[in-house]
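# Understanding the architecture of this molecule
Chain by chain, the residues:
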Amino acid sequence: MASRSILILAGDGIGPEVMREVKRVILWFSEQCGIDFTVSEGLVGGAAYDAYGTPLHDDTLDQAREADAILLGAAGAPKYDALPFEVKPERGLLKLRKELDLYANLRPAICFEALADYSSLKKEFVSGLDLMIVRELTSGVYFGEPRGIFDLKDGEREGINTQRYTTNEIRRVARSAFELARQRQNRVCSMEKANVMESGVLWREEVEWVGDNEYPDVELSHMYADAGAMQLVRKPKQFDVIVTDNLFGDILSDAAAMLTGSLGMLPSASLGEQMEAGWPRALYEPVHGSAPDITGQDKANPCACILSFAMAMHYSFDMGAEAKRLSDAVEATLAAGIRTPDLLQLPGESPASTTLMGDAILRELDHSLAYN
Ligand code: IPM
Ligand code: MG
């Protein structure tokens, strides 16, 4: 089997800490399963700004274009808050998404049984939850022009961002959602604000068009995004695949994350067009962000980043069995009561460090070999 190249961009905050555990997991799969991964590393976000004066160096972008898959930790820290917008750490991440055209952001919200008591919702509402948010990632208000802060007269100012979508941008992400639904419960719910926004009207019409013409076998429904947010916390198990725009997807996926017990559990995949090798362009990252309050303390939950690597094995490397082996190991670790502080809520539980959680997951991986 040809070598699979992975570019690791650990980034800022807890990024390097959780990525350290992922590197151990990658090494485990190389050594124990004979998978040939070629790992290289680069800088992104504040770390890149400190080194090069830009949150994403052109050479790093070139490296990212070459890689079969990119694993990213997190971007951003308070010390960069006062920087101009163009060089803020987050711009590094946004530029990667845009330049690589990673338009379909898959954010699964799965409630592991061992964590069903940790959700802010009652157990019966989240137990068995398995939904997938497909967020459009390269357009909408995040990138629309005009944008900026402009001076008006008399000292007034105005801030402008533009929400815009084209037919093709909507249809291609809708197709990603329908394809995923076919492998799941065959249901897609599309969310927008067609009651107040023209871009929402277009969104609804184009998703409908793709459904009618290309996926008549998949059940399609529509919801206004505000009602969708309400339904997500009222009765989350009604959803299978949710498809929505960049900004609504950002917000709805954070809400969905908390249903699963902790933001520290949620992985994501950002996929683009197929590359020559037949795999999509892809970047994998935890949803949680850089968590400056716990940076450097060996407290961060590495599960989201480790599960992001499981998604990489699934979507980029066609290693479904290995991906399952890894997510089973995470689940078994949680079932054994190993918990980082973000999950520590029940009486009598004592916290595990990032490293300890990594150790425990590697031990479960070892067990999985012993039993198979
Ligand atoms: C996310 C994050 C990013 C976003 C930030 C860090 C730019 O919140 O991936 O959800 O808004 O897309
Ligand atoms: Mg977000």
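Described below are features of the structure shown in this document. No experiment lies behind these values; they were computed from the predicted model shown.

### Some words on the site of ligand 1
- Inspection of the region around ligand 1 gives Glu 90, Arg 97, Arg 107, Arg 135, Tyr 142 and Asp 250 as its neighbouring residues.
- Between ligand 1 and the protein, one listed contact pairs an oxygen atom with a side-chain N or O atom of Arg 107 at 2.8 Å.
- Considered on its own, ligand 1 offers 320 Å² of accessible surface; in the complex 76% of this is hidden by protein.
- Among the residues making up the shell around ligand 1, the classes are represented as one nonpolar, no polar and five charged.

### Quick notes on the packing of helix H8 (residues 225-234) against helix H9 (residues 246-259)
- Orientation of H8 relative to H9, taken along the N-to-C sense of each, is 10°, at an axis distance of 10 Å. It follows from the interaxial angle that H8 and H9 lie roughly parallel. Note on element contacts: H9 touches H8 through Phe 248, Leu 252, Ala 256 and Leu 259, opposite Ala 225, Gly 228, Ala 229, Leu 232 and Val 233.
- Within the contact of H8 with H9, the residues separate by chemical class into eight nonpolar, one polar and no charged.

### Quick word on helix H6 (residues 167-182)
- Here H6 is 16 residues long and its end C-alpha atoms lie 22 Å apart, about the 22 Å a rise of 1.5 Å per residue gives.
- Of all the residues in H6, the buried ones are Glu 169, Ile 170, Arg 171, Arg 172, Val 173, Ala 174, Ser 176, Ala 177, Phe 178, Leu 180 and Ala 181.

### Observations concerning the nonpolar core
- Core analysis: the biggest nonpolar cluster contains 70 residues, and Phe 29, Phe 37, Leu 71, Leu 106, Tyr 284, Phe 309 and Leu 326 have the highest contact counts within it.
- Inspection of this core shows a minimum of three residues originating in each of domain 1 (1-105 + 263-372) and domain 2 (120-140 + 167-260).
- If we ignore the near neighbours within four places in the chain, the residues touching Phe 37 are Ser 3, Arg 4, Ile 6, Ile 26, Phe 29, Ser 30, Phe 309, Met 313, Phe 317 and Met 319.
- One finds Leu 121, Met 223, Phe 239 and Ile 242 within the second-largest nonpolar core, a separate group that totals 19 residues.

Cut-offs applied
Residues numbered from 1 in each chain as written. Chains lettered and ligands numbered in written order. Predicted model: local features only at pLDDT ≥ 70, side-chain atom pairs only at ≥ 80, totals over all residues. Heavy atoms only, no water. Near = heavy atom within 4 Å. Polar contact = N/O pair within 3.5 Å; in protein donor to acceptor, adjacent residues only side chain to side chain. Areas by Shrake-Rupley, 256 points an atom, 1.4 Å probe, with all protein chains shown as cover. Nonpolar A, V, L, I, M, F, W, Y, C, P; charged D, E, K, R; others polar. Axes fitted to C-alpha atoms, helices over the stretch in contact; angles between N-to-C directions. Helix = DSSP H or I, 4+ residues; strand = E, 2+ residues; numbered from the N terminus. Parallel < 35°, antiparallel > 145°, perpendicular 65-115°, else oblique. Contact = heavy atoms within 4.5 Å. Expected span 1.5 Å × (residues − 1). Buried < 20%, exposed > 50% of the residue type's maximum accessible area, 1.4 Å probe, protein only. Core = buried A, V, L, I, M, F, W, Y, C linked by side-chain atoms within 4.5 Å. Domains from an automatic or database assignment.

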